[in-house]
Structures are given as C-alpha cells and as structure tokens.
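These are the residues of each chain, in order.
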Amino acid sequence: MNAPLSSSQLLPALALRDVPPAMLDALSTRFGAQCSFAAAVREQHGRDESSFIAPPPAAVVFAESTQDVADALRIADAHAVPVIAFGSGSSLEGHLLAVQGGISVDVSRMNRVLRLDAEDLTVTVQPGISRKQLNEQIKDTGLFFPIDPGADASIGGMAATRASGTNAVRYGTMRENVLALEVVTAQGEAIRTGTRARKSAAGYDLTRLFVGSEGTLGVITEVTLRLYPLPEAVSAAVCSFPSIEAAVRTTIQTIQIGVPIARVELIDANTVRMVNAHSRTTLREEPMLLMEFHGSPASVKEQAETVQEIAAEFGGNAFEWASTPEERTRLWTARHNAYFAAIQSRPGCRAISTDTCVPISRLADCLLDSITEADASGIPYFLVGHVGDGNFHFGYLIDPDSVEERATAERLNHTLVERALRLEGTCTGEHGIGLHKMGFLVDEAGAGAVDMMRTLKRALDPKNIMNPGKIFAM
C-alpha cells in the first residue's frame, strides 16, 4: 500500500511558490474591497474540517460573478500562482489547504438561482449557494434537490468533490444529478459542458470530468441540477438492534429485495451516546438504523411494513416512527450533528475522519472487522454509515498533540481502506481524495490510470495552478 504511515508523513509536504508583489498589486487594483490580505480572512480560507495544517493563502478574492473568477485566474495564470476555490469550507480531506501557496477564490457571494425550469425538473445555480438555501428557494414549486452530505455545503463544492450523503441510496450522487456546468479554466476562459437534456452522446463527457475533480482542473461557476418532486408521503423510523451485524444484515436484505428506501443510516452505540449528550435526544443507546421512506401513502406504508418484518428477523426492536415534519427534522438534525457530537465528547480532540464504500454484499465483512480493530486500538471513535449503498465513515478522536494517537489513527485508516479495496470497494465513497488519500488512489486505480489523470491535468492546467498538490502528485 502507498498510504503514508510514519508520523513524519502525516502533514502535507509544503512546497510554497512565490506570490510576487506585482500579482498582489494587480489583484488589489482589479478587485479593490473584494480582495483581502487580512490575516484572519486568509487563515479562515486556509483550513477545512480536516486535521491538516498548512500556511494560509496569500490573498482571498471574493468573486461575485463569472467575470470576477475569470479575471482572478488570468492574473494567477500570468504569474503562475496557485488558485484554490472556496465554497463553505466543509471538506474533510484537506482540499482547501494552500500547500503550494497561492490565493483563494471565494465564490460564496455567487449564491443565486439563475434559472428554474420546473416543467423539466431542472435548476441552474451559482456555485456558492448551499443545498439548504437552494431547497428553501424552490420549496414553493413542489420540487427539491435531494443530495444531502450532512454539512450545509455549497453546490459548487459538492460538484467538485462528487458528494453524495444520506439520500444517495434512492437519488444517487452528484455524478448522476449534475447535468451541465460552466467552468472557468486555468487560463481564465469560461466554458460550458453539458445541456439541460437528460442524456447526450455528443463528444467527451466533460461534465463528468469536472464533477469530482476537486478544483484541480478549473473553477465551477454555474451548475445545472436535476430536481425531484417532493414525495406525497414521507415517514421516518428508528430501529435498535442487538448488534452492528444485525443492523447491517437488515440493510443488506432490504436493498437486495428491492425496497426503494430513501435513507438508511447506521449509527453505532458509541455514537448514539454522543448524539444523545449533544442533541439532548433519548435514543436507545444500541446500534440503530435511521430510515426514511418516500412515495405515496400506500407505498410508504408497504415499504415500512416490509422493512419492519426484515428487522424483526434480525432482532430489531423498539421501532419508533417520526411522521411529522418536526419529528423528522429533529431526528435527522441529530444524525447530521453526529460529527460535532463526537468532537464535543472529547474536548480539545481532532477527528481523523475517513470513509470507504464497498459492494453491498461485502458490507458486513468490511465493517465488522474494522470495528474490531478500532475497539482494540483504544482510540475513541464514532461510526456512521450511509449503509444502503455500502458507504460508511469512521472518525478517530485523537489528541492533536499526541504523535502516537495520530499514528494509530492513520494505521486504522490504512487497514480499513486496504480491506475495502480487497473487497472490490473504493478508498473514498464521498469525501474525495484531497491530501489524505493520494496514495490510496494509486492502489485503487493503478499507476497507469493515475498517469492518465496527470496527462489530463497537464493538458488543461500546464502551469499546475489549479489547487495543486491534491489528488495526485505531479
């Protein structure tokens, strides 16, 4: 395996490039108050939710239009200075760190809905709008955008990292739900990929090339998305189990018999305790599944009854229903706050967060062995999983000043990913590669495939200014 293990490798290698005063002057002249050199602003834009640390960018440009992004990139290209796009800062694998220096282009002010075509179930938005803002603005249409990675991430960032989340088992990921893009290239040229049509056979699929590229090929400035009708009926349920294995077996059988469940989330007993303390909930402190069913009243009832029967076969008990919007919101808010609940459970800690995804039939094998290893390590951890599509997350809660704890957490991550790859899974289901999983990408895809990615990167970004040092080394 190529993943780093020694403590000396746990921070990114810094190879800072010079940002000449002439470039900073050009940014200041072009952008005025939209450009900040303040230390606090730069530091805010030089970190994400990962545990990595690097120097902040030299400047932050607050873009308000595609033209702003294009001008910033033209200036950067002229000086061969790195550019990192910034949305909401919620990424988990060091995506935002300026490991080679450069500037941050913040698109959070580009947060408008540009075009809504309810009849075609599509919407075109700017990249800085968050998923919650989008759904709030379109709620009167009877439509919604279902991709829910937990954090209130920006749509541009979600596209760039190929995000998914709790609804992916029913609605897919950003890969399936992005129809078209506007992207500003490394040379400052705005291009368009895709159309509002549901399918196309016209040339290379550039939309899919940029979705998941983590800002290494260009800056996304518009996104056209699929929308879905709000379901006529929605019901959520919580079911506790005597063991993690029983919960996982229930999930596998539910998927294999074709129940179109919208959400099925696994939470282990450790995490339930953390969530109860943080969110003041009274969930049974046992392994549990949080489920949600969408459809007509009759189909929701049928789905729920089927899953309840399956759960009973595996010892599931205390099936509790949340049928009102308020009850469902409280339940899912508690689930989405699991990360913050875990951090709060060990004051001063940092989370080494990771995710893998395996074929659904191998989920139990991968998950149970990983739990055994985590328990034996003595490191506190939390476990949540979008288990309906074989995706789960561990968060190892470490003392950031302890080299030993960090090395242990990285070793656990190493063996977890190795196991997932051995079971024909992936090193990351939704977090992306960033800094943390660059070695694993080689293990998963092979050196030849990664070399092809480098060839594409060099062709589109010959000066290597677009978020350099991420996904793979050049």
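Residues numbered from 1 in each chain as written. Predicted model: local features only at pLDDT ≥ 70, side-chain atom pairs only at ≥ 80, totals over all residues. Heavy atoms only, no water.

> Hey, could you go over the packing of helix α16 (residues 438-445) against helix α17 (residues 447-460) for me, with residue numbers and the actual values?
Relative to each other, α16 and α17 sit at 120°, their axes nearing to 6 Å. One way to sum up the angle between α16 and α17 is to call them oblique. Taking contact as the criterion, the partners of Leu 441, Val 442 and Ala 445 in α16 are, on α17, Ala 447, Ala 449, Val 450 and Met 453. (Axes fitted to C-alpha atoms, helices over the stretch in contact; angles between N-to-C directions. Helix = DSSP H or I, 4+ residues; strand = E, 2+ residues; numbered from the N terminus. Parallel < 35°, antiparallel > 145°, perpendicular 65-115°, else oblique. Contact = heavy atoms within 4.5 Å.)

> Give a description of the pattern of salt bridges that names residues and reports values.
Going through the model one piece at a time under the given rule, you end up with 25 salt bridges. A salt bridge links Arg 30 to Asp 68; the nearest nitrogen and oxygen atoms lie 2.7 Å apart. Highlighted residues: Arg 30 in helix α1 (residues 21-31) and Asp 68 in helix α3 (residues 66-79), separated in sequence by 38 residues. Looking at Arg 30, the relative accessible area reads 31%, which means it is partly exposed. A network of salt bridges, in which partner residues are shared, links Arg 30, Asp 68, Asp 71 and Arg 74. (Salt bridge = Lys/Arg side-chain N within 4 Å of Asp/Glu carboxyl O. Buried < 20%, exposed > 50% of the residue type's maximum accessible area, 1.4 Å probe, protein only.)

> Go over the sheet that holds strand β5 (residues 113-117) with me, naming the residues and quoting the values.
The antiparallel open sheet is built from five strands, whose spatial order is β5-β6-β10-β8-β9. Of all strands in the sheet, those with a lone pairing partner are β5 and β9 (190-194), marking the two edges. Each adjacent strand pair in this sheet contributes to an overall mean axis angle of 15°, direction not counted. In the sheet, strand β8 (residues 178-185) pairs with strand β10 (residues 218-226) via seven bridges, with the strands oriented antiparallel. Bridging from a neighbouring strand, Ala 180 pairs with Thr 224 of β10. Those strands touched by α3 are β8, β9 and β10, and its axis lies near 45° from that of β8. Taken strand by strand, helix α4 (residues 131-138) contacts β5, β6 (122-125) and β10, and its axis lies near 50° from that of β5. (Pairing = 2+ DSSP bridges.)

> How would you explain the sheet that holds strand β2 (residues 59-62) if you had to name every residue and give the values?
Adjacent strands of a sheet pair through backbone hydrogen bonds, lying either parallel or antiparallel. Taken in spatial order, the four strands line up as β1-β2-β4-β3 in an open sheet, and their pairing is mixed. At either margin of the open sheet sits one strand with a lone partner, and together these are β1 (35-36) and β3 (83-86). Relative to β2, β1 runs antiparallel, the two being bridged by two bridges. The residue bridging Cys 35 from the neighbouring strand is Val 61, located in β2. Packing against the sheet, α1 makes contact with β1, β2 and β4 (103-106), and its axis sits at approximately 25° to β2.

Everything listed is a geometric property; what it means functionally is a separate question.
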